[in-house]
Amino acid sequence: MSPDSVADALVSPAPPLILDARGRDQYALGTVPGAINAGREPKGFLPSTGSGPLVLILKKGATSYLKRSWSERLSPYGYKISILNGGFEAWQAAGLPVEIPASGHIKPGSTPFIIPRGLCEINSPAQVRE
Amino acid sequence: MRWLIGLILLLTAFPALADEDCSECHIEIQRHFAATAMAVAARSDDFKREWGEAKQNPECLSCHAPSQAAGVVCADCHGNGPHPYARLKVPDVCARCHDAPGESTVRRHKSSLAAQRNLNCLSCHVKLGGGTHAIMGATNTEFLSMAARLHLALRQENGQQILVAAVRPRTGHALPGGTTGRSVWLIVRGLGGDKSERWRETRRFGWLKGPDGAWEEATLAPDIGVNLELPWPGRDGVQVIEAELVYRFRPGPLEEPDPRQVTISKAQMTLRQ
């Protein structure tokens, strides 16, 4: 799929799941908004059972063996798999938005905060903010 | 030429219209809009409760009842004439209230992929076949159930298993949109072979008030959402992971009952043995 087609699909009623299979370092530097870091090894990856389209971002120069391995890994879970043509570089070159994933992640740990009861609220302490 | 001058005079001299005047000609539009939450924004139970807690602060009415009606009326968005009115600029006209304190809906929309693909508020918030004014939002359960998708994934990293619970908003704006009175909860549970719960992780998204009293935004960003990463999900004999994304019409703790809460999305995964 071309970057433009993927961007259109992402705002359609049935948006694809995006998996970034380039590895942690490249993923952390920037990816397609909403992409999940799938790691680099198809063997070590397990998705939830799903349906519908799935777009795979592979590293530059990915071999046909790697493409086939990912396809074989994901197909049994019910997804219709496509590959982002030209990879993440083509997405950037098309001027499409980029996510820097570090800002979107949350990890267990806590800073106390207060849950609001509304814009003009009575507060009640609870929960944890990441 | 004389008829044209007459027409211009007639149009420009037309008096400012009250809401009931509009319905005399725009019957269908008025009927559709009257059924929306916007039309009764100052009469809803949520608003009445919060407004009471706010000691009936008149500033709240600048969005909930700008013309001292039951809610928003025609002139609040379209202005007071002269007739015919200029075409509204969406989303800018929505921003007056939907970027008010405690909201960032339009601001976040402007940075979304949806905005870049030339979609605006009306692209999603108008009921199909409902004309231009059948505006719907989170109070429409069917519409709300499309607000986000939840995915689970398991990857190997440096010999360690990492579970990712990924929330992907489809709203084209912050989730939850609307005011501080709403929240979205992500609940991930690890279950044993006997379906008993072995561990649980819960996260809340929505506006919050920090210890210093300042409002902070902790809503989910459009398109990006959030990835909750949990190492070793198979600990304590866990065999199945279940996750749920819940939208609530109240901001407080999850334990506080909300009869209107909606499960937006669910995901399940069986871990390899």
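What you are looking at is a predicted structure, and each value in this text was computed from that prediction instead of being measured.

## Re the overall build of chain A
Scanning chain A for helices and strands turns up four helices and eight strands. Going from N to C terminus, chain A has its helices and strands arranged as α-β-α-β-β-β-α-β-α-β-β-β. Buried residues in chain A amount to 45% of all 130 residues. Long-range contacts, defined here as pairs at least 24 residues apart, represent 61% of the contacts in chain A between residues at least 6 apart. Carbon together with sulfur atoms contributes 54% to the accessible area of chain A, which is approximately 6100 Å² in total.

## Looking at the overall build of chain B
Across its full length, chain B carries 11 helices and nine strands. A total of 273 residues make up chain B; the buried ones form 44% of that total. Summarising the internal contacts of chain B: among those between residues at least 6 apart in sequence, 61% fall at separations of at least 24. Roughly 14000 Å² of accessible area belongs to chain B as shown, and the carbon and sulfur atoms make up 56% of that amount.

## Considerations on the nonpolar core
If you look at the biggest cluster of nonpolar residues, it comprises 32 residues, and the most contacted ones within it are Leu163(B), Leu186(B), Val188(B) and Ile241(B). Elements represented by at least two residues in this core include exactly strand S1 (148–157), strand S2 (160–169), strand S3 (183–191), strand S4 (197–205), strand S7 (226–231), strand S8 (240–248) and strand S9 (262–270) of chain B. Aside from chain neighbours lying at most four places away, what touches Val188(B) is Leu163(B), Ala165(B), Trp199(B), Arg200(B), Glu201(B), Leu228(B), Leu230(B), Ile241(B), Glu242(B) and Ala243(B). Leu17(A), Leu56(A), Ala153(B) and Val164(B) belong to the second largest nonpolar core, which has 18 residues in total.

## Some remarks on the state of the cysteines
Residues and elements named next belong to chain B. Taken as a whole and assessed by the stated rule, the structure comprises one disulfide over all chains. The disulfide partner of Cys63 is Cys97, and the gap between their sulfur atoms is 2.5 Å. The disulfide joining Cys63 to Cys97 has a torsion of about -105° about its S-S bond and is therefore left-handed. Residue Cys63 is located in helix H5 (residues 61–64), and its partner Cys97 is located in helix H7 (residues 92–98); the two are separated by 34 residues in the primary sequence. The residues Cys63 and Cys97 share a single accessibility class, namely buried. Not part of a disulfide, Cys94 finds its nearest cysteine sulfur in Cys121, a span of 3.8 Å.

## Details of the environment of Leu271(B)
Structurally, the position occupied by Leu271(B) is in the segment after S9. Residues contacting Leu271(B), with those up to four places away along its chain left out, are Leu46(A), Leu154(B), Pro233(B), Gly234(B), Val238(B), Gln239(B) and Ile241(B).

## A few points about helix H3 (residues 64–74) of chain A
Residue and element names in this part refer to chain A. Burial in H3 covers these residues: Leu66, Ser69, Trp70, Arg73 and Leu74. When H3 is viewed along its axis, its buried side chains cluster within an angular range of 120° and face the same direction. The outward face of H3, more than 90 degrees from its buried face, is lined by the exposed residues Ser64, Tyr65 and Glu72. Taken together, the buried residues of H3 touch strand S1 (17–20), strand S3 (46–47), strand S4 (52–57) and strand S5 (79–83).

## So, unusual backbone geometry
All names here are of chain B. Cis geometry marks the peptide bond from Val90 to Pro91, where omega comes out at 15°. Assignment of secondary structure puts Pro91 in the loop between helix H6 (74–78) and H7. Pro176 follows Leu175 through a cis peptide bond whose omega is -5°. Along the polypeptide, Pro176 turns up in the loop between S2 and S3.

## Notes on the sheet that holds S8(B)
Residue and element names in this part refer to chain B. Ordered in space as S4-S3-S8-S9, the four strands form an open sheet in which the pairing is antiparallel. Each end of this open sheet is capped by a strand with a single partner; those strands are S4 and S9. With direction set aside, neighbouring strand axes in the sheet form an average angle of 15°.

## Some remarks on the pattern of salt bridges
For the structure on display, the rule yields 17 salt bridges over all chains. With its nearest N and O atoms 4.0 Å apart, the salt bridge here joins Lys48(B) to Asp45(B). In this pair, Lys48(B) and Asp45(B) both sit in helix H4 (residues 45–53), three residues apart, roughly one turn of the helix. The structure contains a network of salt bridges with shared partners spanning Arg24(A), Arg155(B), Glu157(B) and Glu229(B).

## Topic: the sheet that holds S1(A)
Residues and elements named next belong to chain A. Pairing in this open sheet of four strands is parallel, and the strands run S2-S1-S4-S5 from one edge to the other. The strands lining the two open edges of the sheet, one partner per strand, are strand S2 (36–37) and S5. The sheet contact formed by S1 and S2 spans two bridges and is parallel. Bridge pairing links Asp20 to Asn37 in S2. Taken strand by strand, H3 contacts S1, S4 and S5, and its axis lies near 165° from that of S5.

## So, the confidence of the model for chain A
Residues and elements named next belong to chain A. On average, residues of chain A carry a pLDDT of 81, and 78% of them reach 70 or more. At the low end of the mean pLDDT range in chain A sits strand S8 (residues 124–129), at 36; at the high end sits helix H4 (residues 87–93), at 96. Low pLDDT, under 50, characterises residues 107–130; the stretch is placed with 76 contacts to residues that sit more than four places away or in other chains.

Rules used in this analysis
Per chain, residue numbering runs from 1 following the sequence as it is written. Whichever chain is written first becomes A and whichever ligand is written first becomes 1, with later ones labelled in order. The model is predicted, so local features are restricted to residues of pLDDT at least 70 and side-chain atom pairs to those at 80 or more, both for listing and for counting; the totals for chains, interfaces and linings are taken over all residues. With hydrogens and water excluded, all non-hydrogen atoms of the structure serve as input to the side-chain values. Numbering of helices and strands runs from the N terminus, with a helix taken as a DSSP run of H or I at least four residues long and a strand as a DSSP run of E at least two residues long. Only protein chains enter the accessibility calculation, which uses a 1.4 Å probe; a residue whose area is less than 20% of its type maximum is buried, one above 50% is exposed, and one in between is partly exposed. Between two residues, a contact is recorded if the distance between any of their heavy atoms is within 4.5 Å. All accessibility values rest on the Shrake-Rupley procedure with a 1.4 Å probe; residue burial counts only the protein chains present in the view. Among buried residues, those of type Ala, Val, Leu, Ile, Met, Phe, Trp, Tyr and Cys that are joined through side-chain atoms within 4.5 Å constitute a nonpolar core. Count a disulfide wherever a pair of cysteine sulfur atoms falls within 2.5 Å. Think of the arc as the fan of directions from the helix axis to the C-beta atoms. When DSSP finds two or more bridges between a pair of strands, those strands are recorded as paired. Comment: axis = line fitted to C-alpha atoms, over the contacting stretch for helices; angle = value between 0 and 180 degrees taken between N-to-C directions. We count a salt bridge whenever a side-chain nitrogen from Lys or Arg sits within 4 Å of a carboxyl oxygen from Asp or Glu. A score from 0 to 100, pLDDT tells how confident the predictor is in each residue.

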